[in-house]
Amino acid sequence: MFKKILVANRGEIACRVMRTAKRMGIATVAVYSDADARAPHVMMADESVRLGPAPAAESYLKAELILAAAKATGADCIHPGYGFLSERESFARACADAGIAFVGPPPNAIAAMGDKIESKKLAQAAGVNVVPGYLGEIADTEEAVRIATDIGYPVMMKASAGGGGKGMRLAWSEQDVREGFEATKREGLASFGDDRVFIEKFIESPRHIEIQVLGDQHGNIVYLGERECSIQRRHQKVVEEAPSPFVTPAMRKAMGEQAVALARAVGYYSAGTVELIVSGADVTGESFYFLEMNTRLQVEHPVTEEITGLDLVEQMLRVAAGEPLAFTQDEVKLTGWAIENRVYAEDPYRGFLPSTGRLTRYNPPRHGEGDRAEHGGGGRPHADRSRPTPSTTDLRSAVPLPPSGEETIRTRVDDGVIEGGEVSMFYDPMIAKLVTWAPTREAAIDAQIAALDRFELAGVGNNIDFLSAIMQHPRFRDGALTTGFIAEEYPEGFHGAPADAALLRQLAAVAVLIDLEQSLRVRAIDGQLGTRPAPSTERIVTIGDHRFEICVDGYEGGLLVNIDGDVPLDVVMHWRPSQRVVVARIDDHEIAVRVARTIGGWKLTARGATHIVRVLPPHVAALTQHMIEKVPPDLSRFLLCPMPGLLTRVEVAEGQKVEAGQPLAVVEAMKMENILRAERPGTVARIAHAAGDSLAVDAVIMEFE
């Protein structure tokens, strides 16, 4: 086994790899850019080496610097993580030439599968179904339009070397091809150094299902079940689960055997993923097509680990060291259900715009201890092996998860950030991966909702509310998924998960009890003049357009919250000022609520939405009708930058008339191009910035007459 490993990556995957390496007694080396000099993965490693400036092209993508760091520290293997150099054949070959083991597949397999065009040709030759499309070189936009027309709309334009949702455009018409082809080429060149694009038929009502394969250097290859990754936004995965609610045992076997055959055809070993597009309309399960093969560890690998009991990083290390797999296909058993939610630095309330800045608060749910008797610790699935150590940098003191009635329900957080850390514009916006495991899919979903309610994150916009809304959505819970789920269910954007009457009553009760506790603390301050009257427990609560008249009575061990004269709620709750999360048991059901003070009330966040709750004594509430409402300023004549980023193009000139929907400017942020369009007809009066300017959020780009 190896003595020292260098992890050629950053963030949560670097922490994830180091956790397993440390458990196996392997010394660790981190590499970092100037932006990551004090990042958790650097602090976790036994040694660290600076690579260069913050941009990835000047640091994490510099293969020669990483190899020099490995030689200088005496590392005998390199794990590439995912992204960056993980699928570069040249890097794997350079490692071999330097006598350093590459913890991944052989260079020839990376070359064969890394090129999306060539991999489809290989898959086709191996008898694997492929999506109809054009796999040759496309010279320009005009040729792209002709090809797309021949295939038939809709079509998908993809960068040949793409991955992770980058360099992909869906075109429903010729106009979409004309607008998106060059942008796809630019994204491919910027992210992967390759501007080749291919076009294929877009399968409508598609499900994105992938097969995890694992092989050794002795010719043994197995598949470890499937993952459903259909919940996506802009082709970026948001939610993953294993197994898939759509896949039958017969489908799993057929898909797995094809994936293994493809891997064997290219001499594959290590962990890899064969991605498939599946027609959700075909209930027979026979309409699945090869999409691509990712020759690396996937972001969503934890859900496979949770249902198989295997640590995939450990398996990759053992394979790279020349060990044979310690189990056969027949010994792979899938147990329970695992779901992963990706927590991103993006604001779903503002069209999912990227968000950067400092994490002023970061306190994820505490890891569930789980049933350690089921997973022991070795190299085989389930029976005698431990699930992988979560890659959070430490076990934080947090509000414990609610008792579930199932001791085996587990919560896992894989991250690479800490409170006070910076979410940079230079790298991927993912903050953490929240993973739950339970015996059933429904229980795993409910565990996600409970954990998301307890996830404290402030300082940057985040998608926690959105993730909770997905978990509660009836269509998701029914398993009726497609890659168009988000676009179909949230066509007007996200405005918070809807709250039913029962939830509003619970939030009103929580708000009143918090307010009464705060009032008691104020009343207890020494040195106040006069006699202190007994405090009233009557309050008027407003949540949006909903108004509640509430009175609280106590009894031994709890409180009765009377709302509008209806049957009182039986509440057991203990909250103290400055406590950011409160857990209340209401009529024997637990709910966790994130709490923040606002003027005249409280901001309560639970079940996928934030609610501004005003709590006032009745005599004060009666006066609110006389308050003058503040009208926000009209900013409709300005084009504002929706996120921090780089203004790459200005598409109009001063004095030019524009129509609704016309492109006005392009802002690049988080390695993605964002086209800003006119909301209505008008005339450009002034352009405040030029291409190449770095813009802050809400910076004025142009003004209209």
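Computed from a predicted structure; not experimentally measured.

Rules and cut-offs
- Along every chain, residues carry numbers that run from 1 in the direction the sequence is written.
- At least 70 in pLDDT is required for a residue's local features to be given in this predicted model, at least 80 for side-chain atom pairs to be given and counted, and no such filter applies to totals for whole chains, interfaces and linings, which use all residues.
- The side-chain quantities take in all heavy atoms of the structure and omit both hydrogens and water.
- We count a stretch as a helix when DSSP gives it H or I for four or more residues in a row; a strand needs E for two or more, and each element gets its number in order from the N terminus.
- In this setup the radius of gyration rests on C-alpha atoms only. A globule is expected at 2.2 Å times the number of residues raised to 0.38.
- For every residue, the accessible area (1.4 Å probe, protein chains only) is compared with the maximum for its type, and the residue is labelled buried under 20%, exposed over 50%, or partly exposed between those bounds.
- Contacts are residue-level and defined by heavy atoms, with any inter-residue pair within 4.5 Å sufficient.
- Per-residue accessibility takes into account occlusion by the displayed protein chains alone, with areas from the Shrake-Rupley method and a 1.4 Å probe.
- Confidence scores here are pLDDT values: one per residue, from the predictor, ranging 0 to 100.
- Paired strands are those between which DSSP finds at least two bridges.
- Buriedness of a pocket was judged along seven lines, with at least five required to meet protein on both sides within 12 Å; pockets are open sets of points on a 1 Å grid over the protein atoms alone, cavities are sets where a 1.4 Å probe fits but cannot get out, and lining residues have an atom within 4 Å of a point.
- Grid points are joined across faces, edges and corners, and a volume is the space filled by probe spheres set on the points.
- Following the grouping adopted for this structure description, the nonpolar residues are Ala, Val, Leu, Ile, Met, Phe, Trp, Tyr, Cys and Pro, the charged ones are Asp, Glu, Lys and Arg, and the polar ones are all others, Gly among them.
- To get an axis, a line is fitted to the C-alpha atoms, and for a helix only the part in contact is used. The angle between two axes follows their N-to-C directions and goes from 0 to 180 degrees.
- A crossing counts as left-handed when the near helix is turned anticlockwise from the far one by less than a right angle, and as right-handed when that turn is clockwise.
- Two aromatic rings, drawn from Phe, Tyr or Trp (for Trp, its six-membered ring), form a pair once their centres lie within 6.5 Å of each other, and the interplanar angle then sorts them: stacked below 30 degrees, edge-to-face above 60, tilted otherwise.
- Whenever a nitrogen or oxygen atom comes within 3.5 Å of another N or O atom, the pair is scored as a polar contact, on the condition that within protein one atom can donate a hydrogen and the other can accept it, and that pairs from neighbouring residues in sequence are kept only if both atoms are in side chains.
- Helix span, as expected, comes to 1.5 Å for every residue beyond the first.

(A) Local environment of the overall build of the chain. Across its full length, the chain carries 17 helices and 39 strands. Whereas a compact globule of 705 residues would reach a radius of gyration of roughly 27 Å, the chain reaches 27 Å, a difference of no more than 12%. Seen through its C-alpha atoms, the chain measures out along the principal axes to roughly 85 × 70 × 55 Å. For the chain, with 705 residues in total, the buried portion stands at 55%. Taking as baseline every contact in the chain between residues at least 6 positions apart, the subset at least 24 positions apart corresponds to 65%. Total accessible area computed for the chain in this model is approximately 29,100 Å², and 52% of it derives from carbon and sulfur atoms.

(B) Spotlight on the confidence of the model for the chain. In the predicted model, the chain carries a mean pLDDT of 90, and the fraction of residues at 70 or more is 92%. Per-residue pLDDT stays below 50 along residues 369–378; that stretch engages in 29 contacts with residues further than four places along the chain or on separate chains. Across residues 389–406 the pLDDT falls below 50, and counting only partners more than four positions away or on other chains, this stretch makes 57 contacts in the model.

(C) Main features of the pairing of strand 35 (residues 663–669). Counted residue by residue, strand 35 has five buried out of seven residues, so it is predominantly covered. Examined bridge by bridge, strand 33 (residues 645–650) and strand 35 share four bridges and lie antiparallel to one another. Across the sheet, the residue bridging to leucine 646 is glutamate 668, located in strand 35. Pairing geometry for strand 35 and strand 36 (residues 672–677), over six bridges, is antiparallel. Counted as the bridge partner of alanine 665 is leucine 676 from strand 36.

(D) Structural view of the sheet that holds strand 5 (residues 101–102). Strand order in this open sheet of five strands is 3-2-1-4-5, and the pairing throughout is parallel. Each edge of the sheet is formed by a strand with only one pairing partner; in this case those strands are strand 3 (47–52) and strand 5. Summarising the sheet, strand 1 (residues 4–7) and strand 4 (residues 77–79) pair through three bridges and their orientation is parallel. Residue pairing for strand 4: isoleucine 5 is matched across the bridge by cysteine 77.

(E) Here's a closer look at empty space enclosed by the protein. With the rule as written, the count across this model stands at two cavities of 30 Å³ or more. Counted as a void, the second largest cavity has a volume near 30 Å³. In terms of lining, the second largest cavity is formed by Pro80, Gly81, Ser86, Val103, Gly104, Pro105, Thr295, Arg296, Leu297 and Met316. When grouped by side-chain class, the residues that make up the lining of the second largest cavity number five nonpolar, four polar and one charged.

(F) Region of interest: the sheet that holds strand 35. Taking strand neighbours across the sheet as the criterion, the four strands line up as 36-35-33-38 in an open arrangement whose pairing is antiparallel. Across the chains shown, the open sheet's two edge strands, defined by having one partner strand only, are strand 36 and strand 38 (694–695). With respect to the sheet, helix 8 (residues 174–192) is in contact with strand 33, strand 35 and strand 36, its orientation differing from that of strand 36 by roughly 150°.

(G) Structural detail: the packing of helix 1 (residues 11–23) against helix 11 (residues 312–320). At a minimum axis separation of 9 Å, helix 1 and helix 11 run at an interaxial angle of 65°. Where helix 1 crosses over helix 11, the two elements pack in a sense that is right-handed. For the pair formed by helix 1 and helix 11, the contact residues are Arg16, Val17, Thr20 and Arg23 on the first element and Leu312, Val313, Glu314 and Leu317 on the second. Its residues placed into classes, the contact of helix 1 with helix 11 shows four nonpolar, one polar and three charged.

(H) Fine view of the packing of aromatic side chains. As enumerated under the stated definition, the model contains 12 aromatic pairs in all. Taking the centre distance of 5.7 Å and the plane angle of 80° together, the rings of tyrosine 60 and tyrosine 427 count as edge-to-face. In this pair, tyrosine 60 is assigned in the loop between strand 3 and helix 3 (63–73) and tyrosine 427 in the loop between strand 21 (422–423) and strand 22 (430–438), connecting sequence segments 367 residues apart. Across the pair, exposure class does not vary: tyrosine 60 and tyrosine 427 are buried alike. Between tyrosine 349 and phenylalanine 494, the aromatic rings sit 5.2 Å apart at their centres with planes inclined by 50°, giving tilted as the arrangement.

(I) Molecular detail of the environment of serine 244. Looking at where serine 244 falls in the secondary structure, it is placed in the loop between strand 12 (236–242) and helix 9 (249–265). Along the primary structure serine 244 and cysteine 229 are separated by 15 residues, whereas in three dimensions their C-alpha atoms are 8.6 Å apart. Sequence-distant contacts of serine 244, defined by excluding residues within four places in its chain, comprise Arg207, Ile209, Glu226, Glu228 and Trp337.

(J) Layout of the side chain of aspartate 282. Secondary-structure assignment places aspartate 282 in the loop between strand 13 (270–279) and strand 14 (288–294). A distance of 2.5 Å separates a polar atom in the side chain of aspartate 282 from a polar atom in the side chain of threonine 284. Once residues lying within four places of it in the same chain are set aside, the contact partners of aspartate 282 are Phe246 and Ser287.

(K) Seen up close, helix 12 (residues 441–453). Between its first and last C-alpha atoms helix 12 spans 19 Å; for 13 residues at 1.5 Å apiece the expected length is 18 Å, and the two agree. Among the 13 residues that make up helix 12, 11 are buried, leaving the element largely enclosed by the rest of the structure. Considered for burial, the residues of helix 12 that qualify are Arg441, Ala443, Ala444, Ile445, Ala447, Gln448, Ile449, Ala450, Ala451, Leu452 and Asp453.

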